[in-house]
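Residues per chain are reported as follows:
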Amino acid sequence: MIELSLEKRCLQIDAITGAIAQAAYSRSAMKPELMERLEQLSAPYSPLPSWSVHPNTIRALVRRYSEQAAFYPLEEISQWIAYQRYGLFLLPGYQPLFYSRTEHKPVSPNKSAIAAIGEACLGLVIQYLYQGRLLARPVGDYPDAVCECPTDHTLYLAEAKATAAKSVDDIKSVMNSELPRFIPFILAANSLDNSPNKILGLLVGTTVLSSQQFHCSISEVRV
């Protein structure tokens, strides 16, 4: 089983923050002001109950939510962790050009495998935490998934980020750097939609701590 720990925060975007975000989208000089304001407005992450997930569930969600085909992502990451952290030899058949190194430098994991696991965890969070069903999975577009909760018809525009690290702070930095792009997108979607449905943004960052331990940091964007 894979132990999945979770934490969530809510970002309530008011009119002034939204205007700054739209300006920061095209003017990089405004991004520091936006990040400072978001830091003042956002509540800290709150822990949620952890889940125990069967690896086959993750594999099924990879096939449904991943943007590209990923060959055995869980096994790929497990092999990378064994090689990177414990110094085990590579098994026959693994890519020597990708994994070999002549200097003592960190070896990055397979980016497709990490991305697939992050997208699978995004699907898991949407289904079990928000009771959302998948409406669209844009390929080569933004965001990663469009979902709807059939109970209250809330639309969720969701983006996944993932990393393999010993610290959760790395993925939080990645998610914060995504906000200047993500917030104007949510604002535009709410402005263009004429239906009474609510549109919320979800940023789900997954940290692969080990083969049996994942962590999801969730940023819920409300406008």
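See the structure printed just above.
Please read these numbers as outputs of a predicted model, since none were measured by experiment. (Residues numbered from 1 in each chain as written. Predicted model: local features only at pLDDT ≥ 70, side-chain atom pairs only at ≥ 80, totals over all residues. Heavy atoms only, no water.)

Q: Just checking my understanding: could you explain the overall build of the protein for this structure?
A: Scanning the protein for helices and strands turns up seven helices and seven strands. Taken from the N to the C terminus, the helices and strands of the protein come in the order β-α-α-β-α-α-α-α-β-β-β-α-β-β. Taking all 223 residues of the protein together, 47% fall into the buried category. Taking the contacts inside the protein whose residues are at least 6 apart along the sequence as the reference set, 67% of them involve residues at least 24 apart. Working note: accessible area of the protein is about 11,600 Å², and carbon and sulfur atoms make up 54% of it. (Helix = DSSP H or I, 4+ residues; strand = E, 2+ residues; numbered from the N terminus. Buried < 20%, exposed > 50% of the residue type's maximum accessible area, 1.4 Å probe, protein only. Contact = heavy atoms within 4.5 Å. Areas by Shrake-Rupley, 256 points an atom, 1.4 Å probe, with all protein chains shown as cover.)

Q: Is there a simple way to explain the pairing of strand 6 (residues 199-210) in this structure?
A: Among the 12 residues that make up strand 6, 12 are buried, leaving the element largely enclosed by the rest of the structure. Where strand 5 (residues 155-163) lies against strand 6, nine bridges are found, and the strand directions are parallel. Paired with Ala 160 across the two strands is Val 204, which belongs to strand 6. Handedness of the crossover joining strand 5 and strand 6 through helix 7 (residues 169-192): right-handed. Of the pairings in the sheet, the one linking strand 6 to strand 7 (residues 213-222) comprises nine bridges and is antiparallel in character. Bridging across to strand 7, Gly 201 finds its partner in Val 221. Turn length for the strand 6-strand 7 hairpin, with the two strands adjacent in sequence and antiparallel, is two residues. (Pairing = 2+ DSSP bridges. Right-handed = clockwise from strand over helix to strand, strands pointing away.)

Q: What should I look at first to understand the environment of Ala 115 in this one?
A: Turning to its location among the elements, Ala 115 is positioned in helix 6 (residues 111-129). Sequence separation between Ala 115 and Thr 206 is 91 residues, and the spatial gap between their C-alpha atoms is 9.2 Å.

Q: Quick question: what am I supposed to make of helix 6 here?
A: Because each turn of an α-helix spans 3.6 residues, side chains separated by three or four positions end up pointing in the same direction. Across its 19 residues, helix 6 extends 26 Å between first and last C-alpha, which sits within 8% of the 27 Å expected from 1.5 Å per residue. Within two residues after helix 6, Gln 131 carries a phi angle of roughly 50°, on the positive side. (Expected span 1.5 Å × (residues − 1).)

Q: Help me understand the sheet that holds strand 4 (residues 145-148), please; the structure alone is not making it clear to me.
A: Hydrogen bonds between backbone atoms are what pair the strands of a sheet, whose relative direction is either parallel or antiparallel. Ordered in space as 2-1-7-6-5-4-3, the seven strands form an open sheet in which the pairing is mixed. The outermost strands of the open sheet, each flanked by one partner alone, are strand 2 (46-53) and strand 3 (133-136). Strand-to-strand, the axes of this sheet are offset by a mean angle of 30°, without reference to chain direction. Where strand 1 (residues 2-12) meets strand 7, 10 bridges bridge the pair, whose relative direction is parallel. Paired with Leu 4 across the two strands is Phe 214, which belongs to strand 7. Together, strand 1, strand 2 and strand 3 form the strand contacts of helix 3 (residues 55-65), whose direction differs from that of strand 2 by roughly 105°. (Axes fitted to C-alpha atoms, helices over the stretch in contact; angles between N-to-C directions.)

Q: Looking at this structure, I do not really get the pairing of strand 1. What am I missing?
A: In the sheet, strand 1 pairs with strand 2 via six bridges, with the strands oriented antiparallel. Bridge pairing in strand 2 links Leu 6 to Leu 48.

Q: Please explain the pattern of salt bridges as it appears in this structure.
A: Within the structure shown, the criterion is met by 12 salt bridges. Between Lys 8 and Glu 220 there is a salt bridge, and its shortest N-O distance comes to 3.7 Å. Here Glu 220 lies in strand 7 and Lys 8 lies in strand 1, a separation of 212 residues in the sequence. The exposure class of Lys 8 is partly exposed, given its relative accessible area of 28%. (Salt bridge = Lys/Arg side-chain N within 4 Å of Asp/Glu carboxyl O.)

Q: Explain the packing of aromatic side chains here, please?
A: Here a ring pair, both rings aromatic, is described through the centre-centre distance and the interplanar angle of the planes. In total, this model carries five aromatic pairs according to the counting rule given. When the ring of Tyr 142 is compared with that of Phe 182, the centres are 6.4 Å apart and the planes differ by 80°; the resulting orientation is edge-to-face. Taken together, the positions of Tyr 142 in the loop between strand 3 and strand 4 and Phe 182 in helix 7 put the pair 40 residues apart, joining distant regions of the chain. The residues Tyr 142 and Phe 182 share a single accessibility class, namely buried. Relative to Phe 185, the ring of Tyr 142 has its centre 5.3 Å away and its plane inclined at 85°; by these criteria the two rings are edge-to-face. Placement of the pair is Tyr 142 in the loop between strand 3 and strand 4 and Phe 185 in helix 7, with a sequence separation of 43 residues. Given the relative accessible area of 11%, Tyr 142 is considered buried. When its relative accessible area of 28% is taken as the criterion, Phe 185 is described as partly exposed. Taken together, the ring pairs connect Tyr 142, Phe 182 and Phe 185 into an aromatic cluster. Directly above the aromatic system of Tyr 142 lies the positively charged group of Arg 181, at a separation of 3.7 Å from the ring centroid. (Phe/Tyr/Trp six-rings, centres within 6.5 Å; stacked < 30°, edge-to-face > 60°. Lys NZ or Arg CZ within 6 Å of the ring centre and 35° of its normal.)

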